[in-house]
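So the chains spell out like this:
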Amino acid sequence: MKLRIAAFLVLIPCLSFSLAFSQMTGRQVMEEQKKRHDVKSELTVDIMLLVDRNNKQEQRTMKTYHKDLGGGENRSLVVFEEPAKVKGTAMLTWEHNEADDDQWLYLPSQKKMRRIAAASKKSYFMGTDLTYEDMESEDIDEYNYTMLDPEAVDGQDCYVLEAVPVDQAKLRASGYSKRKLWVRQDIFYTVKIEFFDQRGRQIKTQTNLELEQAKGTAWRAKKSMVDNITRKHKTLTAVKSQQIGVKLDDAIFTERYILSERHIQ
Amino acid sequence: MRRIILWSQAHPVWVIAILLAGSVAAFLNIGKIRIDNSIENMMIDGDPAKIVYQETIEKFGSDDITVVFVKDPDLFTPDKLAVLRDLAYDLEDIEGIEKVESLFSVSNIRNEDGFLNTSNLMDWVPETIEEATLVQTYARENDILSQALIAPDGKATAINLYIEPRLDEYEWILGMADKVEEVLNKHREHFDTLFQIGNPYNLNYQDRVIKSDVSRIFPLSALVLIILLIATMRSPSAAVLPLLTAGLSIFYTMGFIGFIGLPFTVLTIIVPSLLLVIGATEDTHILSEYLHGIKEGKTRDDSIDYMSNKVGTAIMLTAITTFFGFLSITINNISVLRQFAITASFGLFVNPIVTAMLAPVYLKYFGPRKARGKKTTGMVDSLLDRLTVLILNLTQDHNRTVLAVCLGLAIVAAGFGLQVEVDSNTIGFYKEGSTIRQRIETLHQDLAGSVTFYLRVTGMSGDFLKPENLALVDDLQKQIDSYDWSDKTISFPNYIKLLHREMNEGNPDFYHVPEEEGSIDEYLLFLRPEDIERYVTPEFDDLVILVRHNVYSSSQLASILEDLEDAAAQVLPPRFQVQLTGQNVLLQNSADVLARGQVMGIFLITLVIFLIMSLLFMNVTAGFYSLIPNLFPVALLFGVMTLFKVPINTGTCMVAVIAIGIAVDDTVHIMTRYHKEMRQLQDQKKSLAVCINAELLPVLSTSISLGLGFAAFAFSSYVPIIQFGVLAAVVMIFALVGDFFLVPTLLARTQLITLWDVVGLHLKKLVTTGSPLFEGMKPREIKKIVLLGKMEDIPAGHLGVTQGDHGKTMFLILEGKATVFVTDEKRGRETVLTQLKPGDIFGEVALVNPGPRSANIRAKTDVKCIEIDWDGLDRMRRFYPRLSVNLMTNLSKILGNRLASAADIISTAEVDREPL
């Protein structure tokens, strides 16, 4: 009997703790995140380091143009700057609200644009541990977010969410059966993601580090690491330069711009 | 050896105690034996090919592919594909599988209605038949997947398992096959056909077949041997004794290898047979002599004594020869051969000791008290007698013909036998229709064979990003594809070509390596490293073409590899280094190694036999002669192997060694026996007759029994064991012919002295230093001459030579004193001419000029002397020429002095006119 009382006494603070933070739903957390961190335009230069199972390293520099046209329409252009042999290789993406996204690839040696099928989004992007899917902005309507017990990551309290595709069609379109996200409670920034395959086995973990307040409520991680367990491969990314709210002409996000090789300076 | 026999006879309790202690020790260690038929074990230590292989698999991963074959008419339906996915998942979960390649894991970059789709062939199990059929179509159209993962008709698929390359962990590899089988059993009901094939399964299968065979066939073979021994020797002891001695020796040997941690391999598997062969031969000789003693009315103890006297030396000689012979094989760098040599030589070391200890004790208590069955088997006896006569006739009267026929036959056979094929065909080892062969055929009807190797091309960093170099590799690959034996090749250019085609709207005209500089770097962005890491290094300096085929024969593979090297040299510029490697390439090397090992083994054993025999008979000619009957069966064996297209493989490679083992045994028995008789009889014909008469039964009965015992191996289901059994049986017959026709023929041309006799002979100082006959000779040489003569004992008071008798021999006194005197017939008066002491000779005149003896010789004390005749000197001249020259010189001196003193006497007589 005494033991039961003791157990009860221990449980009370735990329950009240979790109650206090579970007032927000998972979806609300994600909405808050979008509100705080999505920006209208952004120009980033990233340095990527790919590390394989034998510790072989490969470095790449990529320039990413991003523009939010509103109404769920997003444009992005990724241009390889280094290594020199793939300089100018570019990928243009038009994210649509309802329809499938459009994606084109430009290979300088062939001097032509090649359309990429939407089904490709589960495959890894250019030898990295990120799939095309990972690089898109999150569409909150496509997932059900379940709030799990909060946890601390590196001393920061985080919401822990489980994101599962809303229906079978979305599930099959996604490379993941489930993702587990750790979102900082104070700034609503995702610091860790675990990805699970259709068997429910963990594929990889992404960790975002060195957070900085970039502009207004928007935070950005200066570094991130994707540790791919199944491939025994890692992708480390460091931001070389970042401009938020920079003016980007819509013409940048066109085939013509790229075919005229204006993206290569 | 004789001492061990006699000691054992006197201390039976000790013998039993010692043997029991040995048994306990063996029993405690026998459980530690591990079996190891791994490929690693077959390879040469520090073989450069092995280093290349290890370096290659470190860079590109294992070439050891186990194929899980799945066939079902409704394979591409959502239900079946769902089971296939679960099967692939379960296989992924097996520890030790590096990679599972299935329709669910492969990427399939393709052009779809003008869009490039870089997704996997199948991330999810299709939901409809239409979807499933589309996947099937994509897979069939993909050049990399077709034949490797999907049958051209789309009704069969493979799940390729890349197993961790743990070549040296035999048990682990066997266990891998079991683990895979377990997973397959779980899903078996869902598919028409579902099985695995690959190295682990093959080794596992081989292991089971050999084990079941050995446990079935070996007892059968032993039973045949026992029954035949009882029948031919007409005594149950003939069976019990070998069973006891060989059984104990085998037991000890197994305990020994357990103790020192040597594995049991495909080669050591014959050691029990070997011990039984040699053990049974020894035991039969022992028993035969013992029975001979019994027949002469001796008691058990006396018969044992008689036996030890007759066979002691021979047993020791055979023990030494075979022991060192097999020990000599340890001087090579192939683990499996070294392990065999250590195991066999240990067995051959304990076997004679066990035999020498156990046989007298056994005979003391259980030995037959009388030689039985004389009457009932009169026919056998008369047959034996007739055979003896036949052998004697042939070897004596048609001496040269026999030799010419035998040697001619051997030379022809050996010449023919040089073409004997070396082939380790891992599949040919199983009978037609066996599970493993069915699987291989089934797989090969639908998909590429499961045998693989790498063609590795090494250049400089970045070489394989250059279109022109990849085009060259592609050309080479096309050439490989054009060969009949080649089922499927995959390499880095395949991926590039496929991408190039799909990048250009799937237009087949673009199915080639793109010419544009830089295009390969760009295409690489689309390839997952895990897709190509098995084919090219991250530095693009090293590349492999994975070749899949269905060639299991090592000799066929050898010629394929040779062709490929030539082709590569023609297509690629010399700055690229080309290497062919893979487990099966190494296995093919190891087949060569086995053959070379055998040649070396034969050579070493031959050398050791030659050295030991030369030393023992103190004569190089004798050593040489003793080789001929041993190599005779080997030459014939290789002839037969070539004739019947039996290749040298793991099973047959030891037959030659067994042949020598058995032949040398009988050769030594016959040679020592002949030598013993010769010393007594000083007559080659008689000695041979006695020798053959005594040895025919034991040698014949052991040979026939062992031959049929080995023949029982023909009931095995493992082809190398069948071949081993039949060849070993045949070789027994050859050895028999060699021993009975060649040994006597050759013996007629030599006279033997053994080192043993020389050491055992003690001569009086007067003989070695005082005899004019031996002037200037070393004691060893003197002993040889003494041993070549016929030993005579003359009791005190008896006449050694009688005046007037015809004589042609000379005598040398070794011990005792004698008087030379003439008898005047008319007066009956004896006139003493001289006294003889050790070292003195007499009758030398009769030696050179046979005729009536001129004087009598009477022993004053017991006299031991040797008698030398002209034939003896003639033999000596042939076999010990230097010795003979010295002896002749001394003899001439003696005769010269005799002449001089005779002349003296005559001249003195003329002066004194005194009668002699």
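Residues numbered from 1 in each chain as written. Chains lettered and ligands numbered in written order. Predicted model: local features only at pLDDT ≥ 70, side-chain atom pairs only at ≥ 80, totals over all residues. Heavy atoms only, no water.

Caption draft 1: View of the environment of L587 of chain B. Secondary-structure assignment places L587 of chain B in helix α21 (residues 583-616). Each C-alpha atom of the pair L587 of chain B and L274 of chain B lies 26 Å from the other, and the pair is 313 residues apart in sequence. (Helix = DSSP H or I, 4+ residues; strand = E, 2+ residues; numbered from the N terminus.)

Caption draft 2: Structural view of helix α1 (residues 2-10) of chain B. All names here are of chain B. Of all the residues in α1, the buried ones are I5, S8 and Q9. End-on, the buried residues of α1 take up no more than an arc of 100°, which puts them together on one face. Relative to its buried face, α1 has exposed residues pointing more than 90 degrees away, namely R3 and A10. Where α1 is buried, its residues meet α2 (12-30), α11 (300-328) and α12 (335-366). (Buried < 20%, exposed > 50% of the residue type's maximum accessible area, 1.4 Å probe, protein only. Arc of directions from axis to C-beta. Contact = heavy atoms within 4.5 Å.)

Caption draft 3: Layout of the packing of helix α10 (residues 271-295) of chain B against α11 of chain B. All names here are of chain B. Between α10 and α11, the least distance of the axes is 7 Å, while the angle of their chain directions is 155°. Accordingly, the angle class assigned to the pair α10 and α11 is roughly antiparallel. Note that α10 runs across α11; the crossing there is right-handed. Taken together, the residues of α11 that come into contact with α10 (itself represented by L274, I278, E282, H285, I286, E289, Y290, H292, G293 and I294) are R300, S303, I304, Y306, M307, K310, V311, I315, T318, T322 and F326. Among the residues forming the contact of α10 with α11, the class breakdown is eleven nonpolar, six polar and four charged. (Axes fitted to C-alpha atoms, helices over the stretch in contact; angles between N-to-C directions. Parallel < 35°, antiparallel > 145°, perpendicular 65-115°, else oblique. Left-handed = near helix turned anticlockwise from the far one by under 90°. Nonpolar A, V, L, I, M, F, W, Y, C, P; charged D, E, K, R; others polar.)

Caption draft 4: Layout of the nonpolar core. Judged by nonpolar contacts, the single largest core of 279 residues is most densely connected at V68, L87, L91, F492, F526 and F774 of chain B. For this core, the element with the most residues is helix α25 (residues 719-747) of chain B, which contributes 16 residues. In terms of nonpolar packing, the next biggest core, distinct from the first, is built from 16 residues, Y145, L161, V183 and I193 of chain A among them. (Core = buried A, V, L, I, M, F, W, Y, C linked by side-chain atoms within 4.5 Å.)

Caption draft 5: The sheet that holds strand β10 (residues 577-581) of chain B, seen in detail. Residues and elements named next belong to chain B. Across the sheet, which stays open at both edges, the four strands sit in the order β8-β9-β7-β10 with antiparallel pairing between neighbours. Each edge of the open sheet is held by one strand with a lone partner, namely β8 (486-490) and β10. Taken over all neighbouring pairs, the strand axes of this sheet differ in orientation by 20° on average, direction set aside. Pairing of β8 with strand β9 (residues 542-549), which is carried by four bridges, proceeds in the antiparallel orientation. Looking at the pairing, I490 lines up with L546 of β9. On the sheet, helix α4 (residues 48-60) packs against β7 (451-458), β9 and β10 and is oriented at approximately 90° with respect to β7. (Pairing = 2+ DSSP bridges.)

Caption draft 6: Spatial organisation of the interface of chain B and chain A. Contacts between the two partners involve 38 residues from chain B, matched on the other side by 35 residues from chain A. Counting the surface lost from both chain B and chain A, the interface buries some 3200 Å², and carbon and sulfur atoms represent 49% of this. The interface formed by chain B and chain A contains ten salt bridges. Our count for the contact surface shared by chain B and chain A stands at 16 residue pairs in polar contact (both at pLDDT 80 or more). Contributing elements (two or more residues each) for the side of chain B that touches chain A: α5 (78-92), β4 (115-117), α17 (492-503), α18 (519-524) and α19 (529-532) of chain B. Counting residues per element, the side of chain B that touches chain A draws most heavily on α18 of chain B, at four residues. Here strand β6 (residues 112-116) of chain A pairs with β4 of chain B via two bridges, running parallel. (Buried area = accessible area lost by both parts, 1.4 Å probe. Salt bridge = Lys/Arg side-chain N within 4 Å of Asp/Glu carboxyl O. Polar contact = N/O pair within 3.5 Å; in protein donor to acceptor, adjacent residues only side chain to side chain.)

Caption draft 7: Quick peek at the packing of aromatic side chains. In total, this model carries 21 aromatic pairs over all chains according to the counting rule given. Relative to F842 of chain B, the ring of F811 of chain B has its centre 4.8 Å away and its plane inclined at 10°; by these criteria the two rings are stacked. Placement of F811 of chain B in strand β14 (residues 809-815) and of F842 of chain B in strand β17 (residues 841-842) is noted, with a sequence separation of 31 residues between them. No difference in accessibility class separates F811 of chain B from F842 of chain B, as the two residues are buried. A cation sits over an aromatic face here: K112 of chain A above F510 of chain B, 6.0 Å from the ring centre. Across from the ring centre of F196 of chain A, 4.5 Å away, lies the NZ or CZ of K178 of chain A, which sits over that ring. (Phe/Tyr/Trp six-rings, centres within 6.5 Å; stacked < 30°, edge-to-face > 60°. Lys NZ or Arg CZ within 6 Å of the ring centre and 35° of its normal.)

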